[in-house]
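So the chains spell out like this:
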Amino acid sequence: MEQPTAEAVLQGVYTLYNNPNKVEKEKASKWLEAFQKSIHSWEIADQLLQQKYDLNSCTFAAQTMRNKIQNSFHELPESAHESLRQSLLQHISHITLETKPVIVTQLSLALADLALLMSSWHKPVATLLERFSSNPNMMYAVIELLTLIPEEVNSRYLRLGANRRKDVLTDLETDSSLVNDYLLMCLMNCNDNEILQTKILKCFTSWLHINAFKMAQLGDNMIVAYSFQVLSNIHSKPEIHDAATDCLCALLQCVEMNNNGNGLDVNLFNGILSLEEAYNMSVAQEDLDRSINLCRLFTVLVESNLTRMVAGSEATTPHFSVKSLELVLNCVGHYDFEVAEITFNMWYRLSEDLYQRNNETLTAHFKPYVERLIAALYKHCQMESDHEGLIEEGDSFKDFRFKVSEIIKDVIFIVSSISCFKQMFVILQSPNVTWESSEAALFIMENVARNILPEESEVVPKVVEAILNLPENCHIAIRYTSINILGELCDWIDSNPETLEPILNFLLCALQQKNGLATAAANALQSICSACKKHMLGHISGLMEIARCLDGFEIQTESAIGLLKGISIIIGRLPHAQLTTAMQELCNFQVQALNQLTSVEDDGLGVKKDRHDPVFWVDRLASIYRHVNPTVLVNEVNPCVYVIVNNWSVLSRAMECYKNDSKIMERIVRCIRYAIRCIGKQAMPILEPLVKQIITIYSGHNHSCLLYLGSILVDEFACETSCIQGLLNMLQAFIEPTFQVLQMENGLKNHPDMVDDFFRLVARFIQRSPFQLLQSPLVTPIIQCGLLACTLDHRDANLSVMRFFCSLLSYGRHDRADELRSIVHSILLQHGESLIMNLLYASVFCLHSYMLSDVADVFVEIKQLNPQQLEGYVRKAVDALPKKNSGGCVTVTNEQMIEFVESIVKSETPRAVTQALQEFSRLYR
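As a starting point, this report considers the structure included with it. (Residues numbered from 1 in each chain as written. Predicted model: local features only at pLDDT ≥ 70, side-chain atom pairs only at ≥ 80, totals over all residues. Heavy atoms only, no water.)

Observations concerning the overall build of the protein chain
The condition that has to hold: Secondary structure elements are defined from DSSP: runs of H or I of at least 4 residues count as helices, runs of E of at least 2 residues count as strands, and each element is numbered from the N terminus. Think of it in three bands: with a 1.4 Å probe and only protein chains considered, a residue is buried below 20% of the maximum accessible area for its type, exposed above 50%, and partly exposed in between. Contacts between residues were defined by any pair of non-hydrogen atoms, one from each residue, lying within 4.5 Å.
Counting its regular elements, the protein chain contains 48 helices and zero strands. Across its three principal axes, the protein chain shows a C-alpha extent of roughly 95 × 80 × 65 Å. Looking at the protein chain as a whole, 54% of its 925 residues qualify as buried. A fraction of 74% describes how many contacts in the protein chain between residues 6 or more apart in sequence connect residues 24 or more apart.

A closer look at the packing of helix α4 (residues 55-71) against helix α6 (residues 101-117)
Short version of the rule: Comment: axis = line fitted to C-alpha atoms, over the contacting stretch for helices; angle = value between 0 and 180 degrees taken between N-to-C directions. Each angle receives one of four descriptions, namely roughly parallel if under 35 degrees, roughly antiparallel if over 145, roughly perpendicular if within 65 to 115, and oblique otherwise. In this scheme the handedness of a crossing depends on how the near helix is turned from the far one: anticlockwise by less than a right angle means left-handed, clockwise means right-handed.
Running from N to C, α4 and α6 point in directions that differ by 20°, and their axes come no closer than 8 Å. Relative to α6, the element α4 lies roughly parallel. Pair α4 / α6 crosses with left-handed handedness. When α4 is examined against α6, the residues L55, C58, T59, A62, Q63, M65, R66, I69 and Q70 are found in contact with a partner set consisting of V102, I103, Q106, L107, L109, A110, D113, L114 and L117.

Overview of the environment of L49
In this structure, L49 sits in helix α3 (residues 41-51). The class for L49 is buried, based on a relative accessible area of 6%. Each C-alpha atom, one on L49 and one on D395, is 49 Å from the other, the two residues being 346 residues apart in sequence. With residues near it in sequence (within four places) discarded, L49 still touches C58, A61, A62, M65, H91 and L107.

A word on the pattern of salt bridges
A side chain with one charge can pair with a side chain of the opposite charge if their charged atoms come near. Note the following rule: Only one rule defines a salt bridge in this text: a Lys or Arg side-chain nitrogen within 4 Å of an Asp or Glu carboxyl oxygen.
By the definition in use, this model includes 35 salt bridges. Between D353 and R357 there is a salt bridge, with its nearest N and O atoms 2.7 Å apart. Of this pair, D353 and R357 both sit in helix α19 (residues 344-357), four residues apart, which is roughly one turn of that helix. A relative accessible area of 30% means that R357 is categorised as partly exposed. Ionic pairing is found between K876 and E833, a salt bridge with its closest N-O pair at 3.4 Å. Taken together, the positions of K876 in helix α46 (residues 867-880) and E833 in helix α44 (residues 818-845) put the pair 43 residues apart, joining distant regions of the chain. Here E833 falls in the partly exposed class, since its relative accessible area comes to 31%.

Structural notes on the layout of surface pockets
The test is simple: Any residue with an atom within 4 Å of a point lines the site, the site being either a cavity, points on a 1 Å grid over the protein atoms alone where a 1.4 Å probe fits but cannot get out, or a pocket, an open set with protein on both sides within 12 Å along at least 5 of 7 lines. Grid points are joined across faces, edges and corners, and a volume is the space filled by probe spheres set on the points. The classification used treats Ala, Val, Leu, Ile, Met, Phe, Trp, Tyr, Cys and Pro as nonpolar, Asp, Glu, Lys and Arg as charged, and all other residues, Gly among them, as polar.
If you add up the space inside the largest pocket, you get close to 1000 Å³. In this structure, the largest pocket is lined by 31 residues; those nearest its centre are K398, E446, Y480, N484 and N523. Looking at the lining of the largest pocket, the elements that each hand over two or more residues are α21 (396-415), α23 (435-448), α25 (476-488), α28 (517-531) and α31 (557-571). Tallied by class, residues from the lining of the largest pocket come to eight nonpolar, 13 polar and 10 charged. Of the volumes computed, that of the second largest pocket is approximately 810 Å³. Looking at the second largest pocket, it is lined by 30 residues, and the ones nearest its centre are R156, Y157, L158, R159 and Y924.

Observations regarding helix α32 (residues 576-598)
As a reminder of what qualifies: Expected helix span is taken as 1.5 Å per residue step, with the number of steps being one fewer than the number of residues. Bend, in this description, refers to the angle at a residue between axes fitted to the seven residues ending there and the seven starting there.
For α32, which comprises 23 residues, the first-to-last C-alpha distance of 31 Å matches the rise-based estimate of 33 Å (1.5 Å per residue) to within 8%. Considering bend angle alone, the principal kink of α32 is centred on N588 and spans about 40°.

Considering the side chain of S72
Its location among the elements puts S72 in the loop between α4 and α5 (81-93). Those residues within four positions of S72 in sequence are excluded, and the remaining contacts are W42 and N67.

Side note on the state of the cysteines
The condition is simple: We call a pair of cysteine sulfur atoms a disulfide when they lie within 2.5 Å.
Counting across every chain of the model gives zero disulfides. Among the cysteines around C671, which has no disulfide bond, C587 carries the closest sulfur, lying 8.4 Å off. Overall, the relative accessible area of 0% leaves C671 in the buried class. Unpaired in terms of disulfides, C785 finds its nearest cysteine sulfur in C790, a separation of 9.9 Å. Given the relative accessible area of 9%, C785 is considered buried.

Overview of the packing of aromatic side chains
Heads up, the rule is: Two rings from Phe, Tyr or Trp (for Trp, the six-membered ring) form a pair when their centres are within 6.5 Å of each other. A pair whose planes differ by under 30 degrees is stacked, one over 60 is edge-to-face, and the rest are tilted. Definition used: whenever NZ (Lys) or CZ (Arg) falls within 6 Å of the ring centre and also within 35 degrees of the ring normal, the charge is taken to sit over that ring.
What the rule picks out here adds up to 19 aromatic pairs. Here the aromatic rings of F759 and F804 are separated by 5.3 Å at their centres, their planes lie at 50°, and the arrangement is tilted. Residue F759 is found in helix α40 (residues 752-768), and its partner F804 is found in helix α43 (residues 795-810); the two are separated by 45 residues along the sequence. The class of F759 is buried, set by a relative accessible area of 0%. Through a chain of ring-to-ring contacts, three or more aromatic side chains come together here, namely F739, F758, F759, F804 and F805. The aromatic ring of W121 is capped on one face by R85, whose charged end is 4.8 Å from the ring centroid. The ring of Y157 is capped by R156, whose NZ or CZ atom sits 4.8 Å from the centre of that ring.

Looking at α43
When the terminal C-alpha atoms of α43 are compared, their 22 Å separation across 16 residues agrees well with the 22 Å that a helix rising 1.5 Å per residue should span. Along α43, 13 of the 16 residues are buried, which leaves the element largely enclosed by surrounding structure.

Here we look at unusual backbone geometry
In this structure, N191 is a non-glycine residue whose phi angle is positive, near 55°. Mapped onto the elements, N191 comes out in the loop between α9 (162-188) and α10 (194-209). Its relative accessible area of 72% is what places N191 among the exposed residues.

Section: the nonpolar core
As a reminder of what qualifies: What makes a nonpolar core is a set of buried Ala, Val, Leu, Ile, Met, Phe, Trp, Tyr and Cys residues whose side-chain atoms join them at distances within 4.5 Å.
Grouped together as the largest cluster of nonpolar side chains are 346 residues, with contacts concentrated most on W347, I571 and M583. Setting aside chain neighbours within four positions, we find M583 in contact with I571, I624, Y625, V628, C640, V643 and I644.

Description of a negative patch on the surface
Which entries qualify depends on this criterion: Like-charged residues within 9 Å of one another, or nonpolar side chains (Val, Leu, Ile, Met, Phe, Trp, Tyr) within 5 Å, are grouped into patches, provided each residue has over 30% relative accessible area and no salt bridge. To be clear on the numbers: accessible area is Shrake-Rupley with a 1.4 Å probe, and residue cover counts the displayed protein chains and nothing else. Note that His is not counted, nor are the chain ends; the positive residues are Lys and Arg, and the negative ones are Asp and Glu. Charge placement uses NZ in Lys and CZ in Arg. For Asp and Glu, CG and CD serve respectively.
Side chains of E239, D242, D289 and E338 sit close together on the surface and give a patch of like negative charge. Here E239 shows up in helix α13 (residues 238-258).

Regarding the packing of α5 against α6
Remark: α5 packs on α6, axes separated minimally by 10 Å, with the N-to-C direction vectors making an angle of 150°. Crossing of α5 against α6: the hand is left-handed. Facing α5, whose interface residues are L84, R85, L88, L89, H91 and I92, α6 presents L107, S108, A110, L111 and L114.

Section: the side chain of S711
Put simply, the rule is: Residues adjacent in sequence count toward polar contacts only when both atoms are side-chain atoms; beyond that, a polar contact is any pair of N or O atoms within 3.5 Å, and within protein one must be able to donate a hydrogen and the other to accept it.
With respect to the element layout, S711 can be found in helix α37 (residues 704-717). Within the structure, S711 has its side chain in polar contact with the backbone oxygen of Y708 (distance 2.5 Å). With residues up to four places along the chain from it excluded, the contact list for S711 reads R760, L761 and R764.

Brief notes about the environment of H848
Counting through the fold element by element, H848 comes out in the loop between α44 and α45 (852-865). For H848, a relative accessible area of 37% translates into the label partly exposed. The sequence separation of H848 and V691 amounts to 157 residues, and the corresponding C-alpha distance is 37 Å.

Treat this as a map of the structure, not an account of what it does.
Right under this line is the structure:
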């Protein structure tokens, strides 16, 4: 872009905000976006801020300045940093009480980011306070700046690097007393201005988040005391109440990390305990926001003391902080379930800690609290007494009940499943119990039923009998939850087979109902089929009848597929002669419908829209292929072969028919994958036509799922000598269209699925038939593509690339065949330097920290081949990295580079290499 004038930019901003013509607006938006990316925007944004033409132009200029500093600071030479600082300070000094908040925020962000990036600006906080603190008109702007500087320290956009960040944090710790004094002065002189008081609390909180204050500064801190005052005051406005809550939550976390036994933790604990009355008042006044804030604070109080609470309760007397659980349980009892939900993560953490310690005495201390939690959740899970039907999908109450299910499963071991089951059964037997109370009790029982021991004979038989004898007029929600309980009791039913037949009859009756009961019955039947395989064999004729009538039931698609899964599992246990017949019949319902669809004769499929979607039938067929899993001896014909080969022509025709639709193709390929996995090498009759077909379709449509299917074929057949050349030809046919897509601009970034599936295919080929692939000319372009893909920050795609390199390099180990070792060592000599260069660059600048363990595996493989080579490659790669950041600060010292190389060379495990990579990458982040 050529340098525009300030007038041209003003005109663009005016058009963007004021021109009614949408085409002109879009044109102006694109032009301004290009302008912001250009190097000319530094100077013109500065001019616009000086001119103060109007609100929109000033806002745009401030946003541009902030954006440039965050993302393009490298464009400025170090010599320009000082003039930029002076310019921004000048703009900040012109801020008045009338200046719009958006401009104040953007300019403050720009200056805060500059202060962090600009290594030559020493003590920026002290500089700002010295220059502006005496000016009362600058109070808002200074507090905004002081809030943003600590918040931006860990900004992923700035990439300060560990060394610069450490220096900055040290400076901020030194200046924290100045900040504390300034904020206290502002608090004392703000004339009860709640907006300013809120900003003061937010600023103080941002400094707590970076642990800038010494514990001695916080012991009798006036701002902390003011936070308690705000929370105790029932008339506090919502904004300042939020800020005070955030402040004390941050302080709790700060004390947790830096507790030095100076009594601050005990004082803070007792201070928060004293807020119980304020919480009770918020409940009485039905002030939900205030209740939520105090619940949040009580929950953080428990979490910050959790380690000490649990460790200190291992003796006969529990730790004093256990008292804080009373506060949390009080909140769980709030009339609105949204408040109770805030505490769920804390209960999960408590259960995890207790489970890991596995100490019965310790767990017993917490049992009464968990019993009260479950009792409170039982009440929260009750529907309204006038509720009709089931809870609808998407309803917030249904989401809450799902979360209750999860938390009960996490904590139930503390009180025991059978104890909870019995407790809820007592509620069911209470005289005059309401339907909503009964349903909630059944719901709690549903979530612990799977943990009931099979030999239980006191309560479960009574519950099952009560369910089987539910009156016709009982509420549909009770019937629905009761059906779910039967599904969850599947393991108990397997050990008590005398109950199976009446339960199946009950579920068959429910299958024919509407309003959600059929779906619940289908899910329960699937669970029972999976758990009671042996006993269900005698009911195969009934199951087949259910399959014949499946489309007559009002069942959700996923549940119908699940029911087919259950039936298929039982079919898989039949004698082989019966299995083939039953499987073919089960498949025929789906195959005939697909046949009609692909022959454009779908008039007989009914009026329901989903029946005309091939995915509906393909997914059902896939479920059958996946779960009919017979036991087949070596050299024995798999009884599924006849069915799968016989049905192949329909799937082949479906691929041809729907080759333009990637979503449908994915589902067809998934179905074929399960078919191949079901019969393995006995799928040989369909191998050649399948390979030819997927090559032809891929050349024109580039569906990455076909690459995935290719990897399945390689996995199953590449060990067969007669198949290797054909599979190699398939790989060669895939390469050209794949590389054409990936070599386009942003090809790798825009097609991560293709990268994932392609390198999975190649890795499988190397694992199954390494010699043939490594000897072929295909290996060089594949490696070159892999080198480019190292920087791709897509988890699955990058993992496949790393596994490809690991599989390749593993054949260079000393225990491999000499010919393979020679080829791999030659490849390492040719590409090893580039590989390590790209991997280190990717680790530092492109990949998420959690992805570095996959990179580490490649380093370890190279080290096993040649440690000296690895050391040389790593040294060169480190030397190629920048030593300073855009602010002129040293990113990595010579000592740190040497230390990193040594740690990589000395590391014996992938975990150690991962740690070294993570620590080194932090120097650049």
